[in-house]
Amino acid sequence: MTASDAERKLRELSFLHEVAQLASSARDWDEMLRVVIGRTTDAMGAEVSSLYLLERSDGLLRLVATNGLNRGGIGRATLRVGEGIVGWVANARIPLAARDVRTDPRWKWVPEVDEKRFTSMLSVPVVARDEVIGVMNVQTVQPRDFGREEIDFLQTIANQVAGIIEKGRLQRESDRKLREVSALFEVSNVLTSTLDLDEVLSLIVDRLVRVYPGASGAILLREEGEAVRERARSGEIGKTAGAAAQRALDERRPIVAFDHIAVPLIANDRLLGAVVLQVPDYKEFLEEEVRFVGALANQAALAIDKASLYALERKTTESLRELERARSDFVAVVTHDLRTPLSVIRGHLEMLAEKNGKSKLPISEATSQVLRLDQLVDRILAGVRTDRPELSLRRTRFDLRATVMAALKEVAPMARRHKLSGPRAGQPVFVRGDRRRTAEVVAGLVHNATKYAPQGTRIAVKIERAGDRAIVRVQDQGRGVPPNERSRIFEPYARGAGNDEVPGSGIGLFASRRVVEAQGGDIWVEDAPDGGAVFAFSLPLGRETASAASR
């Protein structure tokens, strides 16, 4: 061995040692490849060094690193396996040295990458785990015959590069799998802890794109009909990926392309939507990656199905509650409606007892039976707690003044221990509503006044017009309603403070409010000018009355 050979051998060994050190310490293997390619050019005494890697999905060799060729071709220049000298080496799995590529029939010119000034070329396969994963080349300007030692040296470098690539791929695969497991774990935890569908879908998309740095993702759901709406998204989804999501919906199968995946969301054979992932500059999705996206799609489908079941259960429960409320409302309103006629009957009986004396008729027993019925109504009302009675109304145009006068005549015996006065005589006041229900409201308010106003005091009922409405006011001289209680006095079972000694269930004013509001009116309480309370309600005027009032 000559001194020059020894010196060359020493340089080669030093270079290989440096490559081995870089391979064991480098974390960014892309940058590592660029460094090795640059050093290889010097070590081989060439003007060009380049590396093509094989994409298995479509059998393309893609330029990934070069020193000496047009760098604009990195990532863009491709050759098929068997095409050109590079493709021939990948297919034959053996090195090839060409003194003049222009005379070699296997040579193929790659536009915007190759330059005509380069003459000789040496290519060797890059092999990892007994599979060709790429081709490494060196080129020279001057014609050159590459010897056996140079071929072996470049092959040794290529083997080192294969190790670097394999290490990088294993590291990336390990990191990806760790991110996949973490994503599935987090999504699974959220599925068991919340029923908020938007929260779950947002988390699924967020964890999906975290697995692939720089990626974008979205979940689209089908709505009523054939409409599809985006419910969660991270980043921007390109038109091609969006079209893939629509294809996944139409064909009910995963759509896998070079830089995006779209998977349909299916639960119990129902097509719910689609999830789409887009990874810029991605070359190939492995089967494992497709399965991972499919697993997240299944989680999303479970979340949607779970949320749908919860919404259905909630709707069913609410419907049952509505039925129960309606049943309770019916009992509450009917039993309350019994109260006023019972009070009137009781008043008549007591009047008869006062006129006939104690022995002529057994009126006291009849009165006690009415009292017993009154107490029974109280017990029924006490067992029914509700706040929304449904009312059936018979709307007609009727004279409010005549209706109020008739109602007061009916309840007069009940109010005989008070000074009950009705509205002054006058022109009819026509309103639109339910005549019977309105009379019950008047009777109920008078009955309420008799309970809270001292005996001998005045209860006055008045009617007035106000714009397109008629207003009825029932004024008493009782203790009144404190301002802090007025906001709740019309709620069910609400009674004023300090009224425990007054019999009642707290349903009367609530029932009156429901009747008035069902007719399009309002009810309220205000202070009486001379002390006491005024309970007032309004009803819409009938068309002719409203027209007359406007004149």
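Small disclaimer: the values here were computed from a predicted structure and weren't measured. (Residues numbered from 1 in each chain as written. Predicted model: local features only at pLDDT ≥ 70, side-chain atom pairs only at ≥ 80, totals over all residues. Heavy atoms only, no water.)

## A closer look at the pattern of salt bridges
So, step 1. Within the structure shown, the criterion is met by 20 salt bridges.
So, step 2. Two residues, Asp527 and Arg486, come together in a salt bridge whose shortest N-O distance is 2.2 Å. Of the two residues, Asp527 sits in strand β17 (residues 523–527) while Arg486 sits in the loop between β16 (469–475) and α11 (508–518), which places them 41 residues apart along the sequence.
So, step 3. In this structure, Glu491 engages Arg513 in a salt bridge whose closest nitrogen and oxygen atoms are separated by 3.1 Å. Separated by 22 residues along the polypeptide, Glu491 in the loop between β16 and α11 and Arg513 in helix α11 bring together distant segments of the chain.
So, step 4. The partly exposed category is assigned to Glu491, whose relative accessible area is 34%.
So, step 5. Residues joined by salt bridges that share partners form a network here, namely Glu230, Arg233 and Glu236. (Salt bridge = Lys/Arg side-chain N within 4 Å of Asp/Glu carboxyl O. Helix = DSSP H or I, 4+ residues; strand = E, 2+ residues; numbered from the N terminus. Buried < 20%, exposed > 50% of the residue type's maximum accessible area, 1.4 Å probe, protein only.)

## Considerations on the packing of aromatic side chains
So, step 1. Taken as a whole and assessed by the stated rule, the structure comprises one aromatic pair.
So, step 2. Where Phe490 meets Phe535, the ring centres are 6.2 Å apart and the plane angle is 80°; that geometry is what we call edge-to-face. Taken together, the residues span a long stretch of sequence, with Phe490 in the loop between β16 and α11 and Phe535 in strand β18 (residues 533–540) at a distance of 45 residues. As far as the burial class goes, Phe490 and Phe535 line up, both buried.
So, step 3. Looking at Arg106, its charged tip hangs above the ring of Trp88, at a distance of 4.9 Å from the centre.
So, step 4. The positively charged end of Arg397 is found above the aromatic ring belonging to Phe430, 4.1 Å away from the centroid. (Phe/Tyr/Trp six-rings, centres within 6.5 Å; stacked < 30°, edge-to-face > 60°. Lys NZ or Arg CZ within 6 Å of the ring centre and 35° of its normal.)

## Observations concerning the packing of helix α9 (residues 400–411) against helix α10 (residues 435–452)
So, step 1. Interhelical geometry of α9 versus α10 gives an angle of 50° and a closest axis separation of 9 Å. Here α10 runs oblique to α9, going by the angle between their axes. α9 and α10 meet at a crossing whose hand is right-handed. Here Leu400, Thr403, Val404, Ala407, Leu408 and Val411 of α9 lie close against α10, whose contacting residues are Arg435, Thr438, Ala439, Val442, Ala443 and Val446.
So, step 2. For the contact of α9 with α10, the per-class residue count stands at nine nonpolar, two polar and one charged. (Axes fitted to C-alpha atoms, helices over the stretch in contact; angles between N-to-C directions. Parallel < 35°, antiparallel > 145°, perpendicular 65-115°, else oblique. Left-handed = near helix turned anticlockwise from the far one by under 90°. Contact = heavy atoms within 4.5 Å. Nonpolar A, V, L, I, M, F, W, Y, C, P; charged D, E, K, R; others polar.)

## What about the sheet that holds β17?
So, step 1. Strand order in the open sheet made by the five strands is β13-β15-β16-β18-β17, with mixed pairing throughout. Either end of the sheet is taken by a strand with one partner, and the two such strands are β13 (419–421) and β17. The average angle at which neighbouring strand axes cross in this sheet is 20°, direction not considered.
So, step 2. Sheet topology note: the β16/β18 ladder contains seven bridges and is antiparallel. Paired with Val474 across the two strands is Phe535, which belongs to β18.
So, step 3. Where α10 meets the sheet, it contacts β13, β15 (458–466), β16 and β18, and its direction lies at approximately 175° from that of β18. (Pairing = 2+ DSSP bridges.)

## Some details on the sheet that holds strand β2 (residues 60–67)
So, step 1. Ordered by their spatial adjacency, six strands build an open sheet running β3-β2-β1-β6-β5-β4, and the pairing between neighbours is antiparallel. Unpaired on one side and paired on the other, β3 (78–80) and β4 (96–98) mark the two borders of the sheet. On average, each strand axis in the sheet is tilted by 25° relative to the strand beside it, whichever way the strands run.
So, step 2. Where strand β5 (residues 120–128) and strand β6 (residues 131–140) come together, nine bridges link them in antiparallel fashion. Bridge pairing in β6 links Ala128 to Glu131.
So, step 3. Contacting β1 (48–55), β2, β3, β4, β5 and β6, helix α3 (residues 84–92) runs over the sheet at an angle of about 35° to β5.

## Details of the pairing of β5
So, step 1. The element β5 is extensively covered by neighbouring structure, given that eight of its nine residues are classed as buried.
So, step 2. Judged from the three bridges that link them, β4 and β5 form a sheet pairing that is antiparallel. By the bridge assignment for β5, Ala98 is matched with Met121.
So, step 3. A loop of two residues connects β5 with β6, the two strands running antiparallel in sequence, and Arg129 in this loop sits at a positive phi of about 50°.

## Focus on unusual backbone geometry
So, step 1. One non-glycine residue, Asp130, lies in positive phi territory at about 65°.
So, step 2. With a phi angle near 55°, Arg252 is a residue other than glycine that sits in the positive phi range.
So, step 3. Its location among the elements puts Arg252 in the loop between α6 (239–251) and β9 (255–256).

## Comments concerning the environment of Leu221
So, step 1. With respect to the helices and strands, Leu221 occurs in strand β7 (residues 216–222).
So, step 2. Taking the C-alpha atoms as reference points, Leu221 and Leu272, 51 residues apart in sequence, are found 5.8 Å from one another.

## A few points about empty space enclosed by the protein
Gaps left between atoms show up when a probe the size of a water molecule is rolled over them.
So, step 1. Tallied over the entire structure, the rule returns three cavities of 30 Å³ or more.
So, step 2. The volume enclosed by the largest cavity comes to roughly 90 Å³.
So, step 3. Along the wall of the largest cavity there are 14 residues; nearest its centre are Tyr52, Val86, Trp107, Asp114 and Met121.
So, step 4. Looking at the lining of the largest cavity, the elements that each hand over two or more residues are β1, α3 and β6.
So, step 5. Element by element, the count of residues in the lining of the largest cavity is highest for α3, at three residues.
So, step 6. Here the lining of the largest cavity is built from residues that sort into eight nonpolar, four polar and two charged. (1 Å grid on protein atoms, 1.4 Å probe; cavity = no way out; pocket = protein on both sides within 12 Å on 5 of 7 lines; lining within 4 Å. Points joined across faces, edges and corners; volume = space filled by probe spheres on them.)

## A word on the pairing of β18
So, step 1. Counting buried residues along β18, seven of its eight residues qualify, which places the element largely inside the surrounding structure.
So, step 2. Across five bridges, the pairing between β17 and β18 is antiparallel. Counted as the bridge partner of Ile523 is Phe537 from β18.
So, step 3. Taking the residues between adjacent antiparallel strands as the criterion, β17 and β18 are bridged by five residues, where Gly531 takes a positive phi near 95°.

## Re the side chain of Asp114
So, step 1. One can find Asp114 in the loop between β4 and β5.
So, step 2. Buried and without a salt bridge, Asp114 has Lys108 as its closest oppositely charged side chain, separated by 9.6 Å.
So, step 3. Of the polar contacts made by the side chain of Asp114, one reaches the backbone nitrogen of Val110; its length is 2.9 Å.
So, step 4. Not counting residues within four places of it along the chain, the set of residues in contact with Asp114 comprises Leu69, Trp107, Lys108 and Trp109. (Lys, Arg positive; Asp, Glu negative; His and termini not counted. Polar contact = N/O pair within 3.5 Å; in protein donor to acceptor, adjacent residues only side chain to side chain.)

None of this, on its own, says anything about what the molecule does.
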